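Here are the chains, one letter per residue:
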Amino acid sequence: MAAYVILIRERLRDADAMARYGEGAKNARGDHNITPLAFYGKHEVTEGAEADGIVILSFPTMAEAKAWYDSPAYREARDHRFQAADYRVIFVEGV
């Protein structure tokens, strides 16, 4: 069953760290089977807290999504994201 990772940037704090995260995250793709569905495109929040940016990634399974998120390459990139901005990250299975 497909799984999705939704990354919601709530607040950017450090543009330089964000650039390092972006480069590291791109390199962390590796052999992971990732399909980007949305990538910081125009968005509209109709309910709840405002979002500064949104990314939606599709994976064939939840196990593959978690394997990417916990991979050494993405963990290294994630450290820059933690410095750069406040995010919510949500894993959800498809139907």
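Structural data are supplied above this passage.
The notes below deal with the structure included here. Keep in mind that this is a model prediction, so the values were computed, not measured.

The rules behind these values
Residues numbered from 1 in each chain as written. Predicted model: local features only at pLDDT ≥ 70, side-chain atom pairs only at ≥ 80, totals over all residues. Heavy atoms only, no water. Pairing = 2+ DSSP bridges. Helix = DSSP H or I, 4+ residues; strand = E, 2+ residues; numbered from the N terminus. Axes fitted to C-alpha atoms, helices over the stretch in contact; angles between N-to-C directions. Contact = heavy atoms within 4.5 Å.

In this section: the pairing of strand β1 (residues 3-12). Taken together, the seven bridges between β1 and strand β3 (residues 53-59) define a ladder with antiparallel strand orientation. Pairing of Arg-9 across the sheet is with Gly-53, part of β3. Relative to strand β4 (residues 85-93), β1 runs antiparallel, the two being bridged by nine bridges. When the bridges of β4 are listed, Leu-12 appears paired with Ala-85.

Moving on: the sheet that holds β3. If you walk across this open sheet you meet the four strands as β2-β3-β1-β4, and the pairing is antiparallel. Single-partner strands in this sheet number two, and they are β2 (35-39) and β4. Between one strand axis and the next, the sheet turns by 15 degrees as a mean value, whatever way the strands run. Running at roughly 165 degrees to β1, helix α1 (residues 15-27) makes contact with β1 and β4 of the sheet. Contacting β1, β3 and β4, helix α2 (residues 62-69) crosses the sheet at an angle of about 155 degrees to β4.

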